[in-house]
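# Close look at the chain arrangement
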Amino acid sequence: MKKINVTVVRSAGEQEYAVPVHEGMSVMDVLDYIYSELDPTLAYFSHEACRQTACGKCLVKVNGKNCLACGTPCGESDLHIAPWSDRVVRDLLCE
Ligand code: FES
């Protein structure tokens, strides 16, 4: 399985993770993988009941562009994930 490097801009600075990806995986799936397999201290918006670009709350900045994590394919290239706004609560969670 292909692994990509994912750089996440967190409150304490940037952190890198190696994440195995497969076809059909979203940026939200990448964040879920990091949280469940690598680092349970990562803060990001997760909403089990949505995950279909309905609530609009999982905004993150991926490679410099704001997008909904649940509706954005992660692709097979390295990713840079940052908070979408300056009003950061913690890590990727914004007000
Ligand atoms: S989880 Fe609701 S829009 Fe992504």
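See the structure above.
Described in the following lines is the structure provided in the data block. (Residues numbered from 1 in each chain as written. Predicted model: local features only at pLDDT ≥ 70, side-chain atom pairs only at ≥ 80, totals over all residues.)

We now examine the environment of Tyr-33. Position of Tyr-33 relative to the elements: it lies in helix α1 (residues 27-38). Tyr-33 gets classed as partly exposed once you count the C-beta atoms within 10 Å, which come to 18. (Helix = DSSP H or I, 4+ residues; strand = E, 2+ residues; numbered from the N terminus. Buried ≥ 20, exposed ≤ 12 C-beta atoms within 10 Å, placed from the backbone.)

Core analysis: the largest hydrophobic core is formed by 21 residues, its most contacted members being Val-6, Val-27, Val-30, Leu-31, Val-60, Ala-69 and Ile-81. When contributions to this core are tallied by element, the ones reaching two or more residues are β1 (2-10), β2 (13-21), α1, β3 (59-62) and β5 (79-82). Ranked by residues supplied to this core, first place goes to α1 with five residues. In contact with Val-27, not counting residues within four places along its chain, are Val-60, Val-62, Ala-69, Thr-72, Cys-74 and Ile-81. (Core = buried A, V, L, I, M, F, W, Y, C linked by C-beta atoms within 7 Å. Contact = placed C-beta atoms within 7 Å.)

Side-chain alternation along β3 places Val-60 and Val-62 on a buried face and Leu-59 and Lys-61 on a face that remains uncovered. The pairing of β3 with strand β4 (residues 65-68) spans four bridges and is classified as antiparallel. Looking at the pairing, Leu-59 lines up with Leu-68 of β4. Hairpin connection of β3 to β4: two residues between the antiparallel strands, including Asn-63 at a positive phi of 50°. In the sheet, β3 pairs with β5 via two bridges, with the strands oriented antiparallel. (Pairing = 2+ DSSP bridges.)

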